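Structure at a glance
The chain contents come next:
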Amino acid sequence: MRRLIPHPMVTLSLTLVWMTLNDFSVGHLLLGLGIALLAGWSLGLVYPRERRIKNWLPLVKLFFVVGADIIRSNAAVFWLIVTKGRQGARKSGFIEMDLQLTDRFGLMVMALILTATPGSAWIWHDPERGRLLIHVFDLVDEDEWRRQIQERYERVLMEIYE
């Protein structure tokens, strides 16, 4: 069974996302499941073993925190774009910060979170020094960004994977 579905959680998650984004029908269910199986199998070629989650409770918390952050960031970026001429110029910039998170899978999840959240993007990571470079669309306070990333994402991901 592991040869057919090497990453069952990835397959299940992708199928659920597919069904959320499309109307429910048997055809969409089969298509979503087929795509999810192919993606899980492809991931199995690149990353052969499934990552074991050490603590599930913080994962639930992270899901809701990231969901709320994405909604809030969408609204903030929308407002900045719509009112760009009235409130003055926004300041984009780069933030470099130290990370304690070393787990490859945890780092991958953090990269997905930062890139999926409008207004920020994971640019570069140096695993030897544990340094991260991110781009922020509206950079007001660098220290506040660092604090939020460490408290809202890094600490929780360390609880989940390390």
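Here is a short report on the structure shown in this document. Everything numeric in this text was worked out from a predicted model, so none of it was measured.

Here we look at the overall build of the chain
In terms of regular secondary structure, the chain is built from five helices and three strands. For the chain, with 162 residues in total, the buried portion stands at 35%. Here the contacts in the chain between residues at least 6 apart in sequence split such that 71% fall between residues at least 24 apart. Counting only carbon and sulfur atoms, one obtains 65% of the accessible surface of the chain, whose full area is about 10700 Å². Here the chain carries 19 positive and 17 negative side-chain charges, and the mean point of each set is 5 Å from the other.

So, the nonpolar core
Judged by nonpolar contacts, the single largest core of 26 residues is most densely connected at Leu62, Met110, Leu114, Leu132, Tyr153 and Leu157. Mapped onto this core, the elements with two or more residues apiece are α3 (57-82), β1 (93-98), α4 (104-116), β3 (131-136) and α5 (142-161). The element contributing the most residues to this core is α4, with seven residues. Not counting the four nearest positions on each side in its chain, Leu132 is found in contact with Ile95, Glu96, Met97, Leu99, Met110, Leu114, Trp122, Trp124 and His125.

Here we look at α4
For α4, which comprises 13 residues, the first-to-last C-alpha distance of 18 Å matches the rise-based estimate of 18 Å (1.5 Å per residue) to within 8%. Lining the buried residues of α4 we find α3, β2 (120-126), β3 and α5. Put simply, Asp103 is the residue that caps the front of α4, since its side-chain oxygen is 3.1 Å from the backbone nitrogen of Phe105.

Thoughts on the packing of helix α1 (residues 8-21) against helix α2 (residues 26-46)
A pair of packed helices is captured by two measures, namely the crossing angle of their axes and the spacing between those axes. Following both chains from N to C, one finds α1 and α2 inclined at 145 degrees, their axes separated by 8 Å at the closest point. Considering how the two elements wind past one another, α1 and α2 form a crossing that is right-handed. Here α1 contributes Val10, Thr11, Leu14, Thr15, Trp18 and Met19 to the contact with α2, which in turn contributes His28, Leu29, Leu31, Gly32, Leu33, Ile35, Ala36, Leu37, Ala39, Gly40 and Leu43. Looking at side-chain class alone, the contact of α1 with α2 contains twelve nonpolar, five polar and no charged residues.

Observations regarding the packing of aromatic side chains
Under the counting rule described, the total for this entry stands at two aromatic pairs. With a centroid separation of 5.4 Å and an interplanar angle of 70 degrees, the aromatic rings of Phe105 and Tyr161 are classed as edge-to-face. With Phe105 in helix α4 and Tyr161 in helix α5, this pair connects stretches of sequence that are 56 residues apart. Using a relative accessible area of 18% as the deciding quantity, one classes Phe105 as buried.

Digging into the side chain of Thr117
Mapping Thr117 onto the fold places it in the loop between α4 and β2. Aside from chain neighbours lying at most four places away, what touches Thr117 is Asp69, Ile70, Ser73 and Tyr153.

Here we look at the pattern of salt bridges
Here the structure, examined in full by the defined rule, presents eleven salt bridges. One salt bridge connects Arg129 with Asp126, and the closest N-O pair in it is separated by 3.3 Å. On the basis of relative accessible area, Arg129 is assigned to the exposed category, the value being 54%. The shortest N-O distance in the salt bridge between Asp143 and Arg146 comes to 3.0 Å. Taken together, the residues Asp143 and Arg146, both in helix α5 and three residues apart, mark about one turn of the helix.

Procedures and definitions
Residues numbered from 1 in each chain as written. Predicted model: local features only at pLDDT ≥ 70, side-chain atom pairs only at ≥ 80, totals over all residues. Heavy atoms only, no water. Helix = DSSP H or I, 4+ residues; strand = E, 2+ residues; numbered from the N terminus. Buried < 20%, exposed > 50% of the residue type's maximum accessible area, 1.4 Å probe, protein only. Contact = heavy atoms within 4.5 Å. Areas by Shrake-Rupley, 256 points an atom, 1.4 Å probe, with all protein chains shown as cover. Lys, Arg positive; Asp, Glu negative; His and termini not counted. Charge placed at Lys NZ, Arg CZ, Asp CG, Glu CD. Core = buried A, V, L, I, M, F, W, Y, C linked by side-chain atoms within 4.5 Å. Expected span 1.5 Å × (residues − 1). Polar contact = N/O pair within 3.5 Å; in protein donor to acceptor, adjacent residues only side chain to side chain. Axes fitted to C-alpha atoms, helices over the stretch in contact; angles between N-to-C directions. Left-handed = near helix turned anticlockwise from the far one by under 90°. Nonpolar A, V, L, I, M, F, W, Y, C, P; charged D, E, K, R; others polar. Phe/Tyr/Trp six-rings, centres within 6.5 Å; stacked < 30°, edge-to-face > 60°. Salt bridge = Lys/Arg side-chain N within 4 Å of Asp/Glu carboxyl O.

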